[in-house]
Amino acid sequence: MIAQTYWLYSTVAVIFMSILIALDLIVLVANALSLRKLPPSSFLIFWLCFCGAGTALNPLIIASTHLARDNLAFNNRQCQIHGFFTLVFALMSLCLCTGLTLFRYLVVVWEVNLFPQLAPVILAITIVTCSIVAGLPFLLNTADTTYVMLSTQILCTVAWYDPSFQVKLVGWVCVSVLTIPIFFIGFAYASIYRRFYLSMQITEVALVSVRTVSSSNLGANASTSKVNKTEQQILAAKTDRERQQTLLMESIALVTVFLIGWAPYFCAVLYELSTARSVSEQFEFFAQLAITTNNTLNPILALVFDHTLRGNVKKMLRIER
């Protein structure tokens, strides 16, 4: 029979994970058929929602199994498989957030037009890299000690606190994979902020200057026509910048929510790797809820900011504006 504490953990996990998967499925089902037509950013956000659903599915299966059997027994081999996919989806989520940041960095700072094949290439590299990292315990024949059930009994993942060399190796490889993108995200958004708002200021100054010239040349038709054409070009550039600003805000919101949501778990990983001691059961459960909250917000933010994904959801639900 399950103790009351673990019954509570499992019940909360089932409720939260079910809500999360339902929200993700709305985005996934509505956009699956038009996946190839999605813009690069929308394409990565689609797969970010997929990773969120995958991350939630593992604890949902484990917690549901506990409640159905009324005990905490769970097959070790199954736990290893759950642990593998949990790590793959977690690493993929960060890599996809990094991909979104890279897109905005290329468009705003380098002023590069994104070609449609870039998003699938990033996705393919992400899947291969994350699968290799998560598969290291199987390659080292240490999966049975690397992937274990956490003390909350609702998630199988890496035993970060294990002092053995093989587990430490996997742990620090994962930390490296996590740390490098985080530093890039910080650098990229700082560069984007400087370039984007400097460009907006220049556009505003140019628009005011052109309108001033236009007002002083009301009698000269040819000159006025030329000025009006210049003003239209500047307005078009301003409109494009505003569109990029919306995409930028979408990326910032998704990445910020991701970093905040995963911060407690990341701190726990660093603590356990450094001290070879596990965090408290309560903090572990809090970290898992923070991750779930982050993943729950992803489809919501996607529907708020991304008009392509939102439009497909409206079509599926037959809601017309």
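Overview of the structure. (Residues numbered from 1 in each chain as written. Predicted model: local features only at pLDDT ≥ 70, side-chain atom pairs only at ≥ 80, totals over all residues. Heavy atoms only, no water.)

**Here we look at the overall build of the chain**
Argument step 1. The helix and strand tally for the chain stands at nine helices and two strands.
Argument step 2. Roughly 16,200 Å² of accessible area belongs to the chain as shown, and the carbon and sulfur atoms make up 67% of that amount. (Helix = DSSP H or I, 4+ residues; strand = E, 2+ residues; numbered from the N terminus. Areas by Shrake-Rupley, 256 points an atom, 1.4 Å probe, with all protein chains shown as cover.)

**Focus on unusual backbone geometry**
Argument step 1. Its identity is not glycine, yet Gln153 carries a phi of approximately 65°, on the positive side.
Argument step 2. Along the chain, Gln153 falls in the loop between β1 (147–149) and β2 (156–158).
Argument step 3. Positioned with a positive phi, Ala276 is a non-glycine residue whose angle comes to about 60°.

**Section: the state of the cysteines**
Argument step 1. What the rule picks out here adds up to one disulfide.
Argument step 2. Through a disulfide, Cys79 is tied to Cys156; the S-S separation comes to 2.1 Å. Between Cys79 and Cys156, the S-S dihedral sits near -115°, and the bridge is therefore left-handed. Within this pair, whereas Cys79 is found in helix α3 (residues 76–108), its partner Cys156 is found in strand β2, the two being separated by 77 residues in sequence.
Argument step 3. The class for Cys79 is buried, based on a relative accessible area of 5%.
Argument step 4. Lacking any disulfide linkage, Cys97 is separated from the closest cysteine sulfur, that of Cys51, by 9.4 Å. (Disulfide = S-S within 2.5 Å. Buried < 20%, exposed > 50% of the residue type's maximum accessible area, 1.4 Å probe, protein only.)

**Regarding the nonpolar core**
As a rule of thumb, soluble globular proteins bury nonpolar side chains together.
Argument step 1. Counting residues in each nonpolar core, the largest one holds 65 residues, and the members touching the most others are Phe43, Leu87 and Trp160.
Argument step 2. At the level of elements, α1 (4–32), α2 (40–69), α3, α4 (118–139), α6 (165–216), α7 (221–275) and α8 (281–305) are the ones that each hand at least two residues to this core.
Argument step 3. In terms of residue count, the dominant contributor to this core is α3 (16 residues).
Argument step 4. Ignoring anything within four residues of it in the chain, the contact list for Phe43 reads Leu35, Leu38, Ala119, Pro120 and Leu123.
Argument step 5. Among the nonpolar cores identified, the runner-up in size contains 12 residues, and Tyr9, Val12, Ala63 and Ile154 belong to it. (Core = buried A, V, L, I, M, F, W, Y, C linked by side-chain atoms within 4.5 Å. Contact = heavy atoms within 4.5 Å.)

**Let's talk about α2**
Argument step 1. Between its first and last C-alpha atoms α2 spans 44 Å; for 30 residues at 1.5 Å apiece the expected length is 44 Å, and the two agree.
Argument step 2. A positive backbone phi angle near 60° is found at Asp70, which sits one or two residues after α2. (Expected span 1.5 Å × (residues − 1).)

**Structural notes on the packing of α1 against α8**
Argument step 1. In contact at an axis separation of 9 Å, α1 and α8 are set at 15° when each is read in the N-to-C sense. Taken as axis vectors, α1 and α8 run roughly parallel relative to one another. The chirality of how α1 crosses α8 is left-handed. Residue-level inspection shows Thr5, Tyr6, Tyr9, Val12, Phe16, Met17, Leu20, Leu23, Asp24 and Val27 of α1 in contact with α8, the latter providing Glu281, Phe285, Leu289, Thr292, Asn295, Thr296, Pro299, Ile300 and Leu303.
Argument step 2. For the contact of α1 with α8, a count of residues per class yields 13 nonpolar, four polar and two charged. (Axes fitted to C-alpha atoms, helices over the stretch in contact; angles between N-to-C directions. Parallel < 35°, antiparallel > 145°, perpendicular 65-115°, else oblique. Left-handed = near helix turned anticlockwise from the far one by under 90°. Nonpolar A, V, L, I, M, F, W, Y, C, P; charged D, E, K, R; others polar.)

**Section: the environment of Leu35**
Argument step 1. Along the chain, the position of Leu35 falls in the loop between α1 and α2.
Argument step 2. Look at Leu35 and you get buried, because its relative accessible area is 18%.
Argument step 3. C-alpha separation for the pair Leu35 and Trp47, spaced 12 residues apart in sequence, amounts to 9.9 Å.
Argument step 4. Filtering out sequence-adjacent residues up to four positions away, Leu35 remains in contact with Phe43, Phe46 and Trp47.

**Looking at the packing of aromatic side chains**
Argument step 1. Evaluated as defined, the whole model comprises 16 aromatic pairs.
Argument step 2. A ring pair is formed by Phe46 and Trp47, whose centres lie 5.3 Å apart and whose planes are at 85°; its orientation type is edge-to-face. With respect to burial, Phe46 and Trp47 carry one shared label: buried.
Argument step 3. Pairwise contacts between aromatic rings join Phe43, Phe46, Trp47, Phe50, Phe84, Phe85, Phe89, Phe138 and Tyr147 into one cluster. (Phe/Tyr/Trp six-rings, centres within 6.5 Å; stacked < 30°, edge-to-face > 60°.)

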